[in-house]
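# Fold and geometry: a report
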Amino acid sequence: IISLPEPIQKDLKIFSKTCHCDETYLDLLNCKLVVLNFTVSSSMSSSMSLHRTSDEQKRHQSQPAIRVGRICFKWDSYRKPCLDIEVDEIDVLIEFVNIFLTRNNWNELQDEGFPPKFYYESIESGEKTS
């Protein structure tokens, strides 16, 4: 059982709400992780989603803010890993959600806490960890 600090648990919950993928492959012998169709999208929990019609909500949900067709992580060692990251088929969508062009789909993600900080300061030791 792994015990994580509460701020880190909160950040992981943000990831679980906003980040998704279709498939993952982990090859521990060849030190490789492949993620297919990775997407970042709003979970539609913001107040702005209440003002949309059902057709607008369906269209919005089907269009992620970021889509990466394939991400491949490779590392050379388990003791002192040097990480090599390859990405293919990247799509970025910026969709304005009001007539004044002041709010967009990235604001909705930010309202949900994305991207998480993954920054934790231990109260007892005053030590900072990221």
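Residues numbered from 1 in each chain as written. Predicted model: local features only at pLDDT ≥ 70, side-chain atom pairs only at ≥ 80, totals over all residues. Heavy atoms only, no water.

Let us look at the packing of aromatic side chains. In total, this model carries two aromatic pairs according to the counting rule given. Their ring planes at 80° and their centres at 6.2 Å tell us that Phe15 and Phe114 sit as a pair that is edge-to-face. One end of the pair, Phe15, is in helix H1 (residues 6–18); the other, Phe114, is in the loop between helix H3 (105–111) and strand E6 (120–121), and 99 residues separate them in sequence. Of the residues examined, Phe114 reaches a relative accessible area of 14% and is grouped as buried. When the centroid spacing of 6.0 Å and the interplanar angle of 75° are considered together, the rings of Trp75 and Tyr78 count as edge-to-face. Residue Trp75 is classed as buried on the basis of its relative accessible area, which comes to 17%. (Phe/Tyr/Trp six-rings, centres within 6.5 Å; stacked < 30°, edge-to-face > 60°. Helix = DSSP H or I, 4+ residues; strand = E, 2+ residues; numbered from the N terminus. Buried < 20%, exposed > 50% of the residue type's maximum accessible area, 1.4 Å probe, protein only.)

Further remarks concern the pattern of salt bridges. Under the definition given, this model contains six salt bridges. The closest approach of N and O atoms between Glu86 and Arg70, which form a salt bridge, is 3.9 Å. Taken as a pair, Glu86 in strand E5 (residues 83–92) and Arg70 in strand E4 (residues 66–75) lie far apart in primary sequence, 16 residues in all. The exposure class of Glu86 is partly exposed, given its relative accessible area of 29%. (Salt bridge = Lys/Arg side-chain N within 4 Å of Asp/Glu carboxyl O.)

The next thing to look at is a nonpolar patch on the surface. Taken together, the side chains of Leu83, Ile85, Val87, Ile90, Val92, Ile94, Phe96 and Leu101 define a hydrophobic patch exposed on the protein surface, amounting to about 780 Å² of accessible area. Looking at the element boundaries, Val92 is found in strand E5. (Patch = residues over 30% accessible without salt bridge, like charges linked within 9 Å, V, L, I, M, F, W, Y side chains within 5 Å. Areas by Shrake-Rupley, 256 points an atom, 1.4 Å probe, with all protein chains shown as cover.)

By size, the foremost hydrophobic cluster in this structure holds 10 residues: Ile14, Cys19, Val35, Val40, Ala65, Ile66, Val68, Ile71, Leu109 and Phe114. Breaking this core down by element, the ones donating at least two residues are strand E3 (32–40) and E4. Among the elements that take part in this core, E4 stands out by supplying three residues, more than any other. Excluding its chain neighbours within four sequence positions, the residues that come into contact with Val68 are Asn37, Phe38, Val87, Asp88, Glu89 and Ile90. (Core = buried A, V, L, I, M, F, W, Y, C linked by side-chain atoms within 4.5 Å. Contact = heavy atoms within 4.5 Å.)

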